[in-house]
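Per-entry structural report
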Amino acid sequence: MLTMSREVPVVSAAPRPLRLGVLASGNGSNFAALAEAIAQGELPAQLQVLIYNNPDAFVAERAKQWQIPSVLLNHRHYPSRESFDAAIVETLKAYGVEWVVMAGWMRIATPVLLRAYPQRVINLHPSLLPSFRGLHAVEQALAAGVKITGCTVHIVTEELDSGPILAQAAVPVLPEDTPATLHARIQVQEHRILKLAISHIAAQQIQTSC
Ligand code: GAR
């Protein structure tokens, strides 16, 4: 006689990819580094949407190349920082974003965004925080005469460039450095530590869901 066993749910060993939304204002080399790592299977994540705020930002071209949806939200068309962030949140939610990555995002996040994604917004900054917060961090490092600078990935809090640090990399400052040459070497490290930080977040998500 044939007996039917009760169906046992199949538990997949593969973790569900982290659903990321990227905010970027300009060139987008960090966005491309993430897209490349995901395509290579190095990062258990997927890029749900790119939001950019400058109509001519090259990052929009990169999104097209990678076939990732992109949305232009121009902050100049909003009456306040809060209303701009509300539009960002609405877009992120519409695309099912779980974690927000500011990768070259030159706007200050308001509580509207941070409360919609508590402890789930990360930022990339071109200095070893807490040194050289704010704009022109590479120029600030050169002006200060430091011999080592670098980059930081951190959780975004309401205080500018101040949240808990997830990853950092040091970069030596060479005597002949200009802002452009130093920034180029920092960016090589940025691409590395941004992926590293997101891998750690993905690993923690797996642990907490077990
Ligand atoms: C990156 O170097 C990032 O650290 C910096 O903008 C650059 C964007 O490069 N962000 C900030 O200065 C934020 N305060 P990308 O567009 O090539 O990724």
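Residues numbered from 1 in each chain as written. Predicted model: local features only at pLDDT ≥ 70, side-chain atom pairs only at ≥ 80, totals over all residues. Heavy atoms only, no water.

**Let's talk about the sheet that holds strand β2 (residues 45-52)**
What counts, and what does not: Should DSSP find at least two bridges between two strands, the strands are taken to pair. Elements are defined by DSSP. Helices are runs of H or I of four residues or more, strands are runs of E of two residues or more, and each kind is numbered from the N terminus. To obtain an axis, a line is fitted to C-alpha atoms, over the contacting stretch when the element is a helix, and the angle between two such axes runs from 0 to 180 degrees between their N-to-C directions. For this analysis, residues touch if any pair of their heavy atoms sits within 4.5 Å.
Read from one edge to the other, the open sheet built from 7 strands follows the order β3-β2-β1-β4-β5-β6-β7, with strand pairing classed as mixed. Strands with a single pairing partner mark the edges of an open sheet, and in this sheet they are β3 (70-72) and β7 (165-172). Averaged over all adjacent pairs, the angle separating strand axes in this sheet is 20 degrees, with direction ignored. Where strand β1 (residues 18-24) and β2 come together, 7 bridges link them in parallel fashion. For V22, the partnering residue across the bridge sits in β2 and is L50. Most of the contacts of helix α1 (residues 29-39) go to β2, to which it runs at about 160 degrees, and overall it touches β1, β2, β4 (99-102) and β5 (121-125).

**A closer look at the site of the ligand**
The following threshold applies: By convention in these notes, a residue is near a molecule or strand provided one of its non-hydrogen atoms lies within 4 Å of it. Whenever a nitrogen or oxygen atom comes within 3.5 Å of another N or O atom, the pair is scored as a polar contact, on the condition that within protein one atom can donate a hydrogen and the other can accept it, and that pairs from neighbouring residues in sequence are kept only if both atoms are in side chains. Note on areas: Shrake-Rupley, 1.4 Å probe, and residue coverage restricted to the protein chains presented here. By the convention adopted, Pro, Cys, Tyr, Trp, Phe, Met, Ile, Leu, Val and Ala count as nonpolar, Lys, Arg, Asp and Glu as charged, and the other residues, Gly among them, as polar.
The full set of residues close to the ligand is N27, G28, S29, N30, G104, M106, L124, H125, P126, H183, Q187 and E190. Backbone polar atom of P126 to an oxygen atom of the ligand: 3.5 Å apart, as the coordinates give it. Separating an oxygen atom of the ligand from a side-chain N or O atom of E190 is a distance of 2.4 Å. The protein chains hide 89% of the 450 Å² of surface that the ligand would expose on its own. Within the residue set of the shell around the ligand, elements represented by two or more residues are α1, β5 and α6 (179-209). For the shell around the ligand, the element with the most residues is α6, which contributes 3 residues. Of the residues that constitute the shell around the ligand, the class distribution is 3 nonpolar, 8 polar and 1 charged.

**What to know about the pairing of β1**
Let me state the cut-off plainly: Note on exposure labels: buried denotes an accessible area under 20% of the residue type's maximum, exposed denotes more than 50%, and partly exposed covers the range between, all computed with a 1.4 Å probe on protein chains only. When the strands point away from the viewer and the path from the first strand over the helix to the second turns clockwise, the crossover is right-handed.
In terms of burial, β1 is largely enclosed, as 6 of its 7 residues are buried. In the classification by handedness, the crossover that spans β1, the intervening α1 and the parallel β2 is right-handed. Pairing of β1 with β4, which is carried by 4 bridges, proceeds in the parallel orientation. Directly across from L20, in β4, lies its bridge partner W99.

**Notes on the pairing of strand β6 (residues 148-155)**
Consecutive residues of a regular strand have side chains that alternate between opposite faces of the sheet. Burial within β6 is extensive, with 7 of its 8 residues counted as buried. Pairing of β5 with β6 involves 4 bridges; the strand directions are antiparallel. Among the inter-strand pairings, L124 is bridged to a residue of β6, identified as V153. Of the pairings in the sheet, the one linking β6 to β7 comprises 7 bridges and is antiparallel in character. The residue of β7 that forms the bridge with I148 is P172.

**Topic: the confidence of the model for the chain**
Where we set the bar: Confidence of the prediction at every residue is given by pLDDT, a number between 0 and 100.
On average, residues of the chain carry a pLDDT of 93, and 90% of them reach 70 or more. Considering only residues more than four positions removed or in separate chains, one finds that residues 1-12, a stretch of pLDDT under 50, has 0 contacts.

**With respect to the side chain of N74**
Locating N74 in the fold gives a position in the loop between β3 and α3 (81-94). A polar contact of 2.8 Å, which involves the side chain of N74, links it to the side chain of R76. The contact partners of N74, leaving out residues within four places of it in the chain, are N53, P55 and F84.

**Examining the packing of aromatic side chains**
Where we set the bar: Paired rings are identified among Phe, Tyr and Trp, the last through its six-membered ring, by centres lying within 6.5 Å, and are further divided according to the angle between planes into stacked (under 30 degrees), edge-to-face (over 60) and tilted (the rest). For a Lys NZ or an Arg CZ to count as sitting over a ring, it must be within 6 Å of the ring centre and within 35 degrees of the ring normal.
Evaluated as defined, the whole model comprises 2 aromatic pairs. Ring geometry for Y78 against F84: centres 5.4 Å apart, planes inclined by 55 degrees, an arrangement best described as tilted. Y78 sits in the partly exposed class, given a relative accessible area of 27%. Judged by its relative accessible area of 3%, F84 falls in the buried class. An angle of 15 degrees between the planes, with centres 6.0 Å apart, marks the rings of F84 and W105 as stacked. Taken together, the positions of F84 in helix α3 and W105 in the loop between β4 and α4 (111-116) put the pair 21 residues apart, joining distant regions of the chain. An aromatic cluster is built from Y78, F84 and W105, whose rings are joined through pairwise contacts. Over the aromatic face of Y117 sits the side chain of K93, whose NZ or CZ is 4.3 Å from the ring centroid.

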